[in-house]
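# Summary of the model geometry
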Amino acid sequence: MSILSDKHILLGVTGSIAAYKAVDLASKLTQAGSQVDVLLTAAAEKFVSALTFQSVTGRKTFTDADLWGGNAHVLHVGLGHSADLMVIAPCTANTLAKLAHGQANDLVSITALAAQCPILVAPAMDVGMYTSVPTQANIRILQERGIAFAGPTEGRMASGLTGLGRMLEPGEVLGASRQVLGRRGPLVGKKVVVTAGGTREPIDPVRFIANHSSGKQGYALAQAAIDAGGQVVLIHTQTGLIPPVGVQQIPVDTVGEMLEAVLAEAAGADVLVMAAAPADFRPKQAAVNKLKKRDGLPQIELEYAPDILETISNMEENRPVVVVGFAAESHSLIQNAAEKLKAKKLDMIAGNDVLAPDAGFAVETNRITLLFADGRQEPLPLMSKTEAAEEIMKRVAALLETTLA
Ligand code: CTP
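I will try to describe carefully the structure that is included in this document. The model shown is predicted, which means the values in this text are computed figures rather than measured ones. (Residues numbered from 1 in each chain as written. Predicted model: local features only at pLDDT ≥ 70, side-chain atom pairs only at ≥ 80, totals over all residues. Heavy atoms only, no water.)

### A word on the overall build of the chain
Within the chain one finds 15 helices and 21 strands. A principal-axis box enclosing the C-alpha atoms of the chain has dimensions of 80 × 55 × 40 Å. For the chain, with 405 residues in total, the buried portion stands at 52%. Considering only intrachain contacts with a sequence separation of at least 6, the fraction spanning at least 24 residues in the chain is 67%. About 18,800 Å² of surface is accessible on the chain, with carbon and sulfur atoms providing 53% of the total. When the 35 positive and 41 negative side-chain charges of the chain are each reduced to one mean point, those points stand 4 Å apart. (Helix = DSSP H or I, 4+ residues; strand = E, 2+ residues; numbered from the N terminus. Buried < 20%, exposed > 50% of the residue type's maximum accessible area, 1.4 Å probe, protein only. Contact = heavy atoms within 4.5 Å. Areas by Shrake-Rupley, 256 points an atom, 1.4 Å probe, with all protein chains shown as cover. Lys, Arg positive; Asp, Glu negative; His and termini not counted. Charge placed at Lys NZ, Arg CZ, Asp CG, Glu CD.)

Following this line, the structure appears as structure tokens:
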């Protein structure tokens, strides 16, 4: 998670029972490599202790008691100036009101007022408080000022009622933090379409032809594109993976549906990365009813499925500026990848050996060689699919820049 690995993040925690979720958030951010400074309001201290946060961040937790020390001024101004991001989670209706109106009477609100960095707010409150006229007006003021919001969502509240006002889960706030940090990335303002997963081609209503693609590399690419500031559309099959926060998801099943979705999204897209494994062959006709054993061995006639990349690359209009493919090979990797690069008129192809035990389908790592339209070849060392995705997106941003220059 390189976008979080060198960041200084302020985590303001205010007085809500959801403060327990902030402990997990602080832990997740720390594990991702960020330096996390936690600031607690007096009300937050009633729910969670400074020691709890200190134990997960390994750093001093600041409370209102620190406001009255000799270094108080240095503290809140200094923190607000050096941070890359301030996250306020959970954020109560009271703190939202303070932020909207520039009130500064505790360490969290003073620091937010002095902060030079982007601010992300994860509200947590009773549904009546959230939907109230003043709270909604405060939210509008803050949104107009560029403050980012993560949630709230609908769910069970401390009162026992169910409604809108529940704080998002820590993983979702972390995802939203990545999106806000990505606002300075090289893909800001760019539309990036990523496909992921293997398609399912129906034989009958209960059976299908599929492949081993897990979708992991595609999801990692979508996250890397979000981290780089892109507006990301993820066209994916059923993978069971959690999509990155901030992507627009388009779920599909078959290669036909994927083609349709890619064609619709390619118009106006800057980048297309085809990390999915769409079928090459499919049953010519799916049986309407379930094929019965007693009727004998079925003769399934196959036909070629449309090649999505070829269709896109041959488009006269609306071809994305940068088109990237993958080559899943079991032998002659470079030769086969080079042929696909040329045949599908790609700007870049990522070739990987699907038979290597540390690369390919279900594993967490990949060993990729990148081949470019200008003949360059770049073998990448063994790395996680997350790292591979980040490297690929770096090359995509560079290709986009040179092509548009
Ligand atoms: N691809 C596609 N449409 C298909 C099949 C593949 O757009 N119907 C894309 C994949 O997403 C990948 C690239 O083409 O980016 C190469 O896929 P791969 O399966 O390696 O190659 P194929 O062209 O299908 O050739 P073969 O299976 O014969 O190796």
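### Points about the nonpolar core
Residues Leu221, Ile392 and Met393 are the most contacted members of the largest nonpolar core, which totals 36 residues. The set of elements that each furnish at least two residues to this core consists of β8 (191-196), α11 (216-227), β11 (231-236), β13 (271-274), β16 (322-329), β17 (348-353), β19 (368-372) and α15 (385-404). Here the element with the most residues in this core is α15; it accounts for eight residues. If we ignore the near neighbours within four places in the chain, the residues touching Met393 are Leu187, Val192, Leu221, Ala224, Ala225 and Val273. One finds Leu29, Ala44, Ala124 and Val173 within the second-largest nonpolar core, a separate group that totals 34 residues. (Core = buried A, V, L, I, M, F, W, Y, C linked by side-chain atoms within 4.5 Å.)

### Focus on the site of the ligand
For the ligand, the set of nearby residues contains 15 residues, the closest of which are Ala276, Asp280, Phe326, Lys340 and Lys344. Measuring from a nitrogen atom of the ligand, one finds a backbone N or O atom of Ile308 at 3.0 Å. Taking 560 Å² as the accessible area of the ligand by itself, protein coverage stands at 77%. Mapped by element, the contributors of at least two residues to the shell around the ligand are α13 (308-313) and β16. The leading source of residues in the shell around the ligand is β16, at four residues. Residues belonging to the shell around the ligand are distributed by class as follows: ten nonpolar, one polar and four charged. (Near = heavy atom within 4 Å. Polar contact = N/O pair within 3.5 Å; in protein donor to acceptor, adjacent residues only side chain to side chain. Nonpolar A, V, L, I, M, F, W, Y, C, P; charged D, E, K, R; others polar.)

Honestly, that's just the spatial picture; any functional story needs more than this.
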